[in-house]
Amino acid sequence: MANERTLSIIKPDGVKRNLIGRIIGHFEENGLRVAGAQMRLMSRHEAEGFYAVHKERPFFGELIEFMTSGPVLLMVLEGENAVAKNRELMGATNPADAAEGTIRKMYAQSIGENTVHGSDSVENAAIEVNWFFKGNEVYNG
Ligand code: CMP
């Protein structure tokens, strides 16, 4: 098993509904550590660049509006197999399909407002972490 880093975002709906502590607690209780964190509004430029892979999708405009609608918590999570572990803890993108006990099953309201984001591969995790964090903003556990 590899020690990895992954990008996690608590989206505007999660911040607004006061879920930060419960979500971070769930990560920490399941072997992940917060190695970096920033709470702030994402700019339109940052959101469009971050989600560029989805720019031809019909929901792109809605996605950018939502992700810039309020503060987010950007985090670097670290741990054994952190990329896959984070995705397992989040559950399926659509909360209607998410397994019991996952963050999206517990808290997400819709596929658009689905409370958390997590990198989908080790390669994308490195790209996504670098999109928001400078090297000296991430700490080793
Ligand atoms: P996320 O993991 O942040 O990656 C891309 C996001 O696009 C995804 O979570 C969803 O919030 C959003 N998304 C995916 N499919 C749809 C859809 N059909 N309608 C609205 N938003 C979507």
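Here we summarise the structure given alongside this text. As the structure is a prediction and not an experimental result, all values here were calculated from the model. (Residues numbered from 1 in each chain as written. Predicted model: local features only at pLDDT ≥ 70, side-chain atom pairs only at ≥ 80, totals over all residues. Heavy atoms only, no water.)

## Quick word on the site of the ligand
In the vicinity of the ligand, the contacting residues are Lys11, Tyr51, His54, Phe59, Glu62, Leu63, Thr93, Arg104, Ile111, Gly112, Asn114 and His117. Within the backbone of Gly112, an N or O atom sits 3.4 Å from an oxygen atom of the ligand. In isolation the ligand has 450 Å² of accessible area, and contact with the protein removes 79% of it. Its residues assigned to classes, the shell around the ligand shows 4 nonpolar, 5 polar and 3 charged. (Near = heavy atom within 4 Å. Polar contact = N/O pair within 3.5 Å; in protein donor to acceptor, adjacent residues only side chain to side chain. Areas by Shrake-Rupley, 256 points an atom, 1.4 Å probe, with all protein chains shown as cover. Nonpolar A, V, L, I, M, F, W, Y, C, P; charged D, E, K, R; others polar.)

## Thoughts on the sheet that holds strand β4 (residues 116-118)
Taken together, the 4 strands give an open sheet; going across it, the order is β2-β3-β1-β4, and neighbouring strands pair in antiparallel fashion. Among the strands making up the open sheet, the edge pair consists of β2 (33-40) and β4. Pairwise comparison of adjacent strand axes, ignoring direction, gives a mean angle of 20° for this sheet. Judged from the 3 bridges that link them, strand β1 (residues 3-10) and β4 form a sheet pairing that is antiparallel. Looking at β4, one finds that Ile9 is bridged to His117. (Pairing = 2+ DSSP bridges. Helix = DSSP H or I, 4+ residues; strand = E, 2+ residues; numbered from the N terminus. Axes fitted to C-alpha atoms, helices over the stretch in contact; angles between N-to-C directions.)

## So, the pairing of strand β3 (residues 72-80)
Within β3, 8 of the 9 residues are buried, leaving the element largely enclosed by the surrounding structure. Sheet analysis places β2 next to β3, joined by 7 bridges and oriented antiparallel. Counted as the bridge partner of Ala37 is Met75 from β3. (Buried < 20%, exposed > 50% of the residue type's maximum accessible area, 1.4 Å probe, protein only.)

## Section: the nonpolar core
If you look at soluble globular proteins, the nonpolar side chains tend to sit buried side by side. Residues Ile9, Met42, Met67, Phe132 and Phe133 are the most contacted members of the largest nonpolar core, which totals 19 residues. Those elements that provide at least two residues to this core are β1, α3 (44-50), α4 (60-67), β3 and α7 (122-132). In contact with Ile9, other than residues within four places in its own chain, are Met42, Phe50, Met67, Val72, Leu73, Leu74, Thr115, Val116, His117 and Phe132. Formed by 16 residues, the second largest nonpolar core is a distinct cluster that contains Leu19, Leu32, Leu77 and Tyr107. (Core = buried A, V, L, I, M, F, W, Y, C linked by side-chain atoms within 4.5 Å. Contact = heavy atoms within 4.5 Å.)

## Structural notes on the side chain of Ser8
Tracing the backbone through its elements, the reader meets Ser8 in strand β1. Classification of Ser8 as buried rests on a relative accessible area of 0%. Residues within four places of Ser8 in sequence aside, it is in contact with Phe27, Leu73, Leu74, Met75, Leu77, Asn86 and His117.

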